[in-house]
Structures are given as structure tokens and as C-alpha cells.
Amino acid sequence: MQPAAQSQLDTSVVRLTGTGGYQCRNRVGAGEVKISDHAAGNAIDITAFVTRDNHTIDVETQWAHDNAGASRANSTSPGSTTAAQPRMPAQKGKGPDPVRAQRLEQKSAPAPVMAQPVSPEAAFLRRLHAGACQRFTTVLGPDANAEHRNHFHLDLAIRRNQSHYCR
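Reading guide: rules and limits
- Residues numbered from 1 in each chain as written.
- Predicted model: local features only at pLDDT ≥ 70, side-chain atom pairs only at ≥ 80, totals over all residues.
- Heavy atoms only, no water.
- Phe/Tyr/Trp six-rings, centres within 6.5 Å; stacked < 30°, edge-to-face > 60°.
- Helix = DSSP H or I, 4+ residues; strand = E, 2+ residues; numbered from the N terminus.
- Buried < 20%, exposed > 50% of the residue type's maximum accessible area, 1.4 Å probe, protein only.
- Salt bridge = Lys/Arg side-chain N within 4 Å of Asp/Glu carboxyl O.
- Pairing = 2+ DSSP bridges.
- Axes fitted to C-alpha atoms, helices over the stretch in contact; angles between N-to-C directions.
- Parallel < 35°, antiparallel > 145°, perpendicular 65-115°, else oblique.
- Left-handed = near helix turned anticlockwise from the far one by under 90°.
- Contact = heavy atoms within 4.5 Å.
- 1 Å grid on protein atoms, 1.4 Å probe; cavity = no way out; pocket = protein on both sides within 12 Å on 5 of 7 lines; lining within 4 Å.
- Points joined across faces, edges and corners; volume = space filled by probe spheres on them.
- Expected span 1.5 Å × (residues − 1).

Novice: What should I look at first to understand the packing of aromatic side chains in this one?
Specialist: What characterises a pair of aromatic rings is the spacing of the ring centres plus the angle enclosed by the ring planes. This model, assessed by the stated rule, comprises three aromatic pairs. When the ring of Phe-49 is compared with that of Phe-152, the centres are 6.2 Å apart and the planes differ by 55°; the resulting orientation is tilted. Taken together, the positions of Phe-49 in strand 3 (residues 48–51) and Phe-152 in strand 6 (residues 152–155) put the pair 103 residues apart, joining distant regions of the chain. Here Phe-49 matches Phe-152 in class, with each residue buried. Between Trp-63 and Phe-152, the aromatic rings sit 5.6 Å apart at their centres with planes inclined by 80°, giving edge-to-face as the arrangement. Remark: Phe-152 occurs in strand 6 and Trp-63 occurs in the loop between helix 2 (59–62) and helix 3 (68–74); sequence separation between them is 89 residues.

Below, the structure written as C-alpha cells:
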């Protein structure tokens, strides 16, 4: 963390703030029946980092969100090579209208994603997230799901084949 703070922000981190460490509960999620690693004192959630000059880097507001959710929603299923085509309503006694089909296809195409400038704080958070994936077995951040939109979840869950889950 400190090398990332020094190179991205030209300062050091003096404090972490979090939403929770130990908490006896099940995992968050629909239908989960497994005990959370928070219940074993094996996980921590970090919401912000405070620098030496008292600047707070908040995960929720300063994370540069990607459009992975949107691009995944617009992608085709695995193994598919063509994009989904818009359905054309049947017209009595007429063949397909190629002009109308093209207009519908253009309306259903995803909007182009414009690259946005990345702030030093966002770059710092991205670097921390990537580095955490090398040290912890589970790393969840704002792009993982709605439950983690405002923090990093880090844990040392024991997994088969010593695998890691980083999202």
C-alpha cells in the first residue's frame, strides 16, 4: 500500500477506515448458507484510506467504475460468434424491411464507451485492488457487485487448489 501511495499520491497512508472486520453472520447473497469469513475473524472491509496530509480517499466516490457490467450484459453467450439481432414484428403480406431493420439495429447497439481521465486517487485504488489480489484469497471491490460498491472486501478463505477469487 505504501509504495502505491508514494508513487500515485506522493504521500503515505496513515489510517484505514472500514465497515467491518469480525461479524458473526452468513455470506451476503441470495441463497447463501455458508458462514462468512467475517464470522471467523478472517476478513476485513476497507471503505477509505487517510493520507499523512489528512486527505481521505473514499472507495465508493473515488473508484473509477468500469463498464464491465454493461459490456457483459451486451455480450453474446459463450461460444456464440454473432450478436443478437433485433426481432422484427411480422407484417401481413410483406417481406422484411431492410431499412427498418437497420434503424432498429442501430438503436439497440450499445453506446460507445468514452475513455475518462483517471484521477491519482482512482489509480491508487486500482493499484491497491490489483495488489491485494496477489496477497488475499478473496478480493471484492466496487465492480464486483452492489454489496461491495463502497468498500474492498479482503479475506484469507481457504480454497481448493489454493485458488484466488479477485473481482
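Novice: What's the story with the pattern of salt bridges in this structure? I'm lost.
Specialist: Under the defined criterion, the tally for this structure stands at two salt bridges. Across the pair Arg-149 and Glu-60 runs a salt bridge, and its minimum N-O distance is 3.5 Å. One end of the pair, Arg-149, is in the loop between strand 5 (138–140) and strand 6; the other, Glu-60, is in helix 2, with 89 residues separating them in the sequence. A residue is classified by how much of its surface remains accessible, and Glu-60, at 36% relative accessible area, is partly exposed. Across the pair Asp-143 and Arg-126 runs a salt bridge whose closest N-O atoms are separated by 3.2 Å. Highlighted residues: Asp-143 in the loop between strand 5 and strand 6 and Arg-126 in helix 5 (residues 120–135), separated in sequence by 17 residues. When its relative accessible area of 23% is taken as the criterion, Asp-143 is described as partly exposed. Here Arg-126 falls in the partly exposed class, since its relative accessible area comes to 29%.

Novice: Got a minute to help me understand the sheet that holds strand 1 (residues 13–17) in this structure?
Specialist: Sheet strands pair via backbone hydrogen bonds, and the direction of the pair is either parallel or antiparallel. Taken together, the three strands give an open sheet; going across it, the order is 1-3-4, and neighbouring strands pair in antiparallel fashion. A single partner strand is all that each edge strand has here, and the edge strands are strand 1 and strand 4 (56–58). If you compare each strand with its neighbour and ignore which way they point, the axes differ by 20° on average. Judged from the three bridges that link them, strand 3 and strand 4 form a sheet pairing that is antiparallel.

Novice: Please clarify how the packing of helix 1 (residues 2–9) against helix 5 should be interpreted in this entry.
Specialist: Packing of helix 1 against helix 5 leaves a shortest axis separation of 9 Å and a crossing angle of 155°. In this view, helix 1 runs roughly antiparallel relative to helix 5, as classed from their interaxial angle. Between helix 1 and helix 5 lies a crossing whose hand is right-handed. Counting all contacts with helix 1, which are made through Pro-3, Ala-4, Ala-5, Ser-7, Gln-8 and Leu-9, the residues of helix 5 involved are Pro-120, Glu-121, Ala-123, Phe-124, Arg-127 and Leu-128.

Novice: In this structure, what is going on with the layout of surface pockets? I would like to understand it.
Specialist: Empty space among the atoms becomes visible once a probe the size of a water molecule is rolled across them. Approximately 330 Å³ is the volume attributed to the second largest pocket. Lining the second largest pocket are 15 residues, with Met-1, Leu-128, Gly-131, Ala-132 and Arg-135 sitting closest to its centre. At the level of secondary structure, the elements contributing two or more residues to the lining of the second largest pocket comprise helix 1, helix 5 and strand 6. Ranked by residues supplied to the lining of the second largest pocket, first place goes to helix 5 with six residues.

Novice: Which parts of the structure should I look at to understand helix 5?
Specialist: A rise of 1.5 Å per residue sets the reference length of helix 5, with its 16 residues, at 22 Å; its end C-alpha atoms lie 23 Å apart and thus fit the reference within 8%. Three or more residues of helix 5 are buried, namely Glu-121, Ala-122, Phe-124, Leu-125, Leu-128, His-129, Ala-132 and Cys-133.

Novice: Would you mind showing me how to read the environment of Val-14 here?
Specialist: Locating Val-14 in the fold gives a position in strand 1. Considering only alpha carbons, one finds Val-14 and Arg-52, 38 residues apart in sequence, at a separation of 5.6 Å. In contact with Val-14, not counting residues within four places along its chain, are Val-50, Thr-51 and Arg-52.

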